[in-house]
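# A structural walkthrough
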Amino acid sequence: MVDIMVEDTITDRDNVLFEAGIKLGALYHQFTGSPVNLRTVGSLETAIAQSISVQPCVENITVSIDRDILGSKLNDEFGYCELEGRMLNVQIDARYESAKVHVSMEFNKELDYPLMKIDKID
């Protein structure tokens, strides 16, 4: 029987990809459902970006909320709606030791789903 240490096969790239995925998943599940309107959308984008930016491995993050989708979802009586995944466009640069990645979340119309993906590995 060959004794292989699993830890020896885990790379910086593996760790940074795991961390980046956790950031996107946490962001999605933490902030979807937040009340938002056209007056508060900018401050929500900033709050999301600042919240995720303090987590380990994050070098840069940009968050934008689609104002067209947001505007179409506003409740006529109360003037706000809930943030949905389809409204989010997120870009994250993350680094762990020698590895750096760029990941994103963007609504994919064909899949009808806010797809999270790896865009680039350095």
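The model shown is predicted, which means the values in this text are computed figures rather than measured ones. (Residues numbered from 1 in each chain as written. Predicted model: local features only at pLDDT ≥ 70, side-chain atom pairs only at ≥ 80, totals over all residues. Heavy atoms only, no water.)

### Re the UniProt feature "domain: Dihydroneopterin aldolase MtpD C-terminal" (unreviewed entry) in the protein
Stated precisely, the cut-off is as follows: UniProt positions are given in the numbering used here, feature names are shortened, and annotations may be inferred rather than shown by experiment. Each helix is a run of DSSP H or I of at least 4 residues and each strand a run of E of at least 2, with the numbering of both proceeding from the N terminus.
If you check UniProt for "domain: Dihydroneopterin aldolase MtpD C-terminal" (unreviewed entry), the listed places come out as residues 11-118 in our numbering. With 37% helix and 34% strand, residues 11-118 has end C-alpha atoms that lie 16 Å from one another.

### A short note on the environment of serine 34
Condition: Burial classification: accessible surface area is computed with a 1.4 Å probe over protein chains only, and a residue below 20% of its type maximum counts as buried, one above 50% as exposed, and the rest as partly exposed. Residues count as neighbours in contact if any of their non-hydrogen atoms are within 4.5 Å of one another. Between N or O atoms, a polar contact is any pair within 3.5 Å; within protein, one atom must be a potential hydrogen donor and the other a potential acceptor, and residues adjacent in sequence are included only when both atoms are from side chains.
Note that serine 34 resides in the loop between α1 (12-31) and β1 (35-36). Serine 34 sits in the buried class, given a relative accessible area of 17%. Those residues in contact with serine 34, other than ones at most four positions away along the chain, are Leu44, Cys81, Glu82 and Leu83. A distance of 2.7 Å separates a polar side-chain atom of serine 34 from the backbone oxygen of phenylalanine 31.

### Observations concerning the packing of α1 against helix α2 (residues 41-53)
What counts, and what does not: Axis lines are fitted through C-alpha atoms, for helices just across the contact stretch, and the angle between N-to-C directions can take any value from 0 to 180 degrees. Just so you know how the angles are binned, under 35 degrees is roughly parallel, over 145 roughly antiparallel, 65 to 115 roughly perpendicular, and the rest oblique. Left-handed is the label given to a crossing in which the near helix is rotated counterclockwise from the far helix by less than a right angle, and right-handed is the label when the rotation is clockwise.
Contact pair α1 / α2: the axes reach a minimum separation of 11 Å and the direction vectors enclose 140 degrees. Taken as axis vectors, α1 and α2 run oblique relative to one another. Every pair of crossing elements has a handedness; the one defined by α1 and α2 is right-handed. Facing Lys23, Leu27, Gln30 and Phe31 of α1, the residues of α2 in contact are Leu44, Ala47, Ile48, Ser51 and Ile52.

### Quick notes on the sheet that holds strand β6 (residues 113-121)
Which entries qualify depends on this criterion: Pairs of strands are assigned from DSSP output, requiring at least two bridges between the strands.
Strand order across the open sheet formed by four strands is β2-β4-β5-β6, with antiparallel pairing between neighbours. Looking at strand neighbours, the two that pair on one side only are β2 (58-65) and β6, the edges of this open sheet. The mean angle between the axes of side-by-side strands here comes to 15 degrees, regardless of whether they run parallel or antiparallel. In the sheet, strand β4 (residues 88-96) pairs with strand β5 (residues 99-108) via eight bridges, with the strands oriented antiparallel. Looking at the pairing, alanine 94 lines up with valine 101 of β5.

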